[in-house]
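Chain residues, written in single-letter form:
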Amino acid sequence: MPREQSQPSVYDQVVKITHIYLGPAADRFIARQVENHLHKSPNDLSQADLAELIDWIRAVVALLTDDEEIVSDYITELQQLASRIAKSNEPN
Amino acid sequence: MNPTDIGVPDNLLPMPRRTRHEQQAEVEAIFTSIGDGAITTDEFGRITRVNPAAQELLGYSEAELLGEWFPKKIVAVTSDNQPINLMDRPITKAFLTGRPVAEKTYYRRKNGEVIALAINVSSILLNGKPLGAIEVFRDITFEQEVDRMKSEFISLASHQLRTPLSAIKTYTHMLIDGFMGELNPDQKKSLRTVIRATDRMNELISILLNVTRLESGNIDSTPKVVQMDKIAAEIIHELELMANGKSINLSMRVKGKDSTSLKTDSLVVKEILTNLVSNAVKYTPESGNVQIVVKPRKASILVEVIDSGWGIPKAAQEQIFSKFFRAQNIVKRETTGTGLGLYLVKGLIDALGGKIWFYSQEGKGTTFSFSLPRSLHPKVRQGKISK
């Protein structure tokens, strides 16, 4: 019987996307955003927190680059992730 | 009937409702009339409002700023006009931390001049959602100049005070040693008091000099590889006499097998450790214990100075690194402190790229811990270091 693979955490999935845009700073950046704005440990990040987290990420990233396209791509990817997770959490 | 007719004071009457248009006009008027520079941005970092004071300070017109990307248009620089990392700008820090940030920084004006500013920046939130930021700033060039002049004066005055002190000390020693004829025990006792007082004054002058040097960026830095355990052993040796005077057991140990080497300025590290250990001895009752523990870590060296002293009261703990601050329980026991030692220690550790913190329980003792990076921190360049 094939072994069931454990799903990556919400935090890991956010970091994975962020890594494309911020490189090695991604992990620390997202951890700080979660701790400072959501006042919780990165491991406790849940789908319900994503909308608020994305707002804060957009605000900071918009101060790091004036390339609105990059900001927009990054935020869109995060929003898509949020809806994917929300859908997968819906009862069948 | 009008409420004022029956004696209700005017200020207790409900405010007349304002239209949205009036409220907007009021906000606009407040923003425009702020004496300090004020700029707001939207959630994309684009400038949405600029008041006249900001235009005057930065040299740009409103039309040149509105809609521009704030970090690009208004360049934050170091005092020597080098652009600072976007992550280190106060506005970015405010968004990263979610808290208002108050800092001194430098902006480059339109004509290229560098202007020193005190900045307060907060994110603008609506129902918890960040909509932008407001940054308020004022020119502190004059304050900085006054500060510099004050530091120069203290430095000069301290130097001038030291010279006569060394003459007083030398001749007092000669008197005690009988160079000018034998003295009776009372005379010798009095002269020893003179020596203690001159030592105390020397110590005071040294600390004042160090504080002013640190604040004005005038502490010489000669980075080299040093062994923290050797420095700790030297400090123990130097302060042994002081500890013995109070029957205090002064010791040190290294916890861990890794090397304790780091690249830094050894004189500054000695100054830090001397201050912490002499404080620990000073504020520990007779027959107590003071121990230095060196803990090598992968990228840093951690040092703890543990004492069994009177401790720092909870209420005083927040201010312990403030200039001239002395806790009440200490003032009663030790009248001679300046309240500058820990301020200096923190400034020096910051300047070396390290961190300091403490844990204290009143009546039980205090542990001051500091860590210094093993590799040379960019702040510790050959030449000068400053806060």
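Residues numbered from 1 in each chain as written. Chains lettered and ligands numbered in written order. Predicted model: local features only at pLDDT ≥ 70, side-chain atom pairs only at ≥ 80, totals over all residues.

K.L.:
So what's going on with the overall build of chain A? Which residues, and what values?
P.N.:
A tally of helices and strands in chain A yields 4 helices and 0 strands. Its helices and strands taken in sequence order, chain A reads α-α-α-α from the N to the C terminus. Scored against the burial criterion, the 92 residues of chain A give a buried share of 29%. Of the contacts made within chain A by residues no fewer than 6 positions apart, 45% connect residues no fewer than 24 positions apart. (Helix = DSSP H or I, 4+ residues; strand = E, 2+ residues; numbered from the N terminus. Buried ≥ 20, exposed ≤ 12 C-beta atoms within 10 Å, placed from the backbone. Contact = placed C-beta atoms within 7 Å.)

K.L.:
Could you give an account of the interface of chain B and chain A, naming the residues involved and the relevant values?
P.N.:
The interface of chain B with chain A comprises 17 residues on the first partner and 14 residues on the second. Going through the elements one at a time, α4 (70–73), α5 (90–97) and β6 (129–139) of chain B are the ones with two or more residues in the side of chain B that touches chain A. The greatest single-element share of the side of chain B that touches chain A, amounting to 5 residues, is contributed by α5(B). Taken together, the residues of the side of chain B that touches chain A break down into 8 nonpolar, 6 polar and 3 charged. (Nonpolar A, V, L, I, M, F, W, Y, C, P; charged D, E, K, R; others polar.)

K.L.:
Summarise the environment of B:Ala327; cite the residues concerned and give the values.
P.N.:
Residue and element names in this part refer to chain B. Along the chain, Ala327 falls in the loop between α10 (314–317) and α11 (328–333). On the basis of neighbour counts, which here come to 21 C-beta atoms within 10 Å, the residue Ala327 falls in the buried class. Considered as a pair, Ala327 and Ala316 are 11 residues apart in the sequence and their alpha carbons are 5.9 Å apart.

K.L.:
Describe the sheet that holds β6(B), listing the residues and the values that go with them.
P.N.:
Residues and elements named next belong to chain B. The strand order across the open sheet formed by 6 strands is β2-β1-β6-β5-β4-β3, and the pairing between neighbours is antiparallel. Edge positions in the sheet fall to β2 (47–50) and β3 (76–77), since each of these pairs with one other strand and no more. Two strands pair when backbone bridges link them, and strand β1 (residues 37–42) and β2 are joined in this way by 3 bridges, in the antiparallel orientation. Its bridge partner being in β2, Thr41 is matched across the sheet by Ile47. Contacts from α5 reach β4 (101–108), β5 (114–126) and β6 within the one sheet, and its direction differs from that of β5 by about 30°. (Pairing = 2+ DSSP bridges. Axes fitted to C-alpha atoms, helices over the stretch in contact; angles between N-to-C directions.)

K.L.:
How would you explain the confidence of the model for chain B if you had to name every residue and give the values?
P.N.:
Here chain B averages 87 in pLDDT, while 90% of its residues score no lower than 70. We note a pTM of 0.58 for the whole complex and an ipTM of 0.78 for its interfaces. (pLDDT = per-residue confidence, 0-100.)

K.L.:
Give me the packing of helix α7 (residues 185–215) of chain B against helix α12 (residues 341–351) of chain B: which residues, what numbers.
P.N.:
Residue and element names in this part refer to chain B. Two elements in contact, α7 and α12, have axes separated by 10 Å at closest approach and are oriented at 35°. The interaxial crossing formed by α7 with α12 has left-handed handedness. Contact residues: Ile207, Asn210, Val211 and Leu214 in α7; Gly341, Tyr343, Leu344, Gly347, Leu348 and Ala351 in α12. Partitioning the contact of α7 with α12 into residue classes produces 7 nonpolar, 3 polar and no charged. (Left-handed = near helix turned anticlockwise from the far one by under 90°.)

K.L.:
Now, about the environment of B:Thr264: what can you tell me, with residues and values included?
P.N.:
Residues and elements named next belong to chain B. Tracing the backbone shows Thr264 in strand β10 (residues 261–264). Residue class for Thr264 comes out buried when judged on the 27 C-beta atoms lying within 10 Å of it. Residues Thr264 and Leu372, 108 residues apart in the sequence, show an inter-C-alpha distance of 8.5 Å.

K.L.:
Outline the pairing of strand β13 (residues 355–361) of chain B, supporting the account with residue identities and numerical values.
P.N.:
In terms of strand pairing, β13(B) meets strand β14 (residues 365–373) of chain B through 7 bridges, oriented antiparallel. Among the inter-strand pairings, B:Trp357 is bridged to a residue of β14(B), identified as B:Ser369.

K.L.:
Can you break down the sheet that holds strand β11 (residues 289–296) of chain B residue by residue, with the values?
P.N.:
All names here are of chain B. The strand order across the open sheet formed by 5 strands is β9-β11-β12-β14-β13, and the pairing between neighbours is mixed. The sheet is open, and its two borders are formed by β9 (249–254) and β13, each paired with just one other strand. On average, adjacent strands in this sheet sit at an angle of 15° to one another, irrespective of strand direction. In terms of strand pairing, strand β12 (residues 300–307) meets β14 through 8 bridges, oriented antiparallel. Within β14, the residue paired with Glu304 across the bridge is Ser369. Relative to β9, helix α8 (residues 228–244) is tilted by about 175°, and along the sheet it contacts β9, β11 and β12.

K.L.:
So what's going on with α7(B)? Which residues, and what values?
P.N.:
A turn of α-helix holds 3.6 residues, and therefore any two residues three or four places apart point the same way. In a regular helix each residue adds 1.5 Å, so 31 residues correspond to 45 Å; α7(B) covers 45 Å between its end C-alpha atoms and thus fits that length. One or two steps after α7(B), the chain reaches B:Gly217, where phi turns positive at roughly 70°. (Expected span 1.5 Å × (residues − 1).)

K.L.:
Please give an account of the nonpolar core that cites residues and values.
P.N.:
Of all hydrophobic cores here, the largest spans 46 residues; its most connected members are A:Val60, A:Val61, B:Ile91 and B:Phe95. The contacts of B:Ile91, once residues within four sequence positions are left out, are A:Leu63, B:Phe70, B:Val121, B:Ala133 and B:Glu135. B:Ile207, B:Trp310, B:Ile356 and B:Phe368 belong to the second-largest nonpolar core, a separate cluster that totals 41 residues. (Core = buried A, V, L, I, M, F, W, Y, C linked by C-beta atoms within 7 Å.)

K.L.:
For unusual backbone geometry, give the residues involved together with the corresponding values.
P.N.:
The backbone of B:Asn81 shows a phi angle near 70°, a positive value even though the residue is not glycine. Looking at the secondary structure, you find B:Asn81 in the loop between β3 and α5.

K.L.:
Lay out α8(B) with the relevant residues and their values.
P.N.:
All names here are of chain B. In a regular helix each residue adds 1.5 Å, so 17 residues correspond to 24 Å; α8 covers 23 Å between its end C-alpha atoms and thus fits that length. Remark: the principal bend of α8, roughly 40°, maps to Glu238. Burial in α8 covers these residues: Met228, Ile231, Ala232, Ile235 and Ala243. (Bend = angle between axes of the 7 residues up to and from the residue.)

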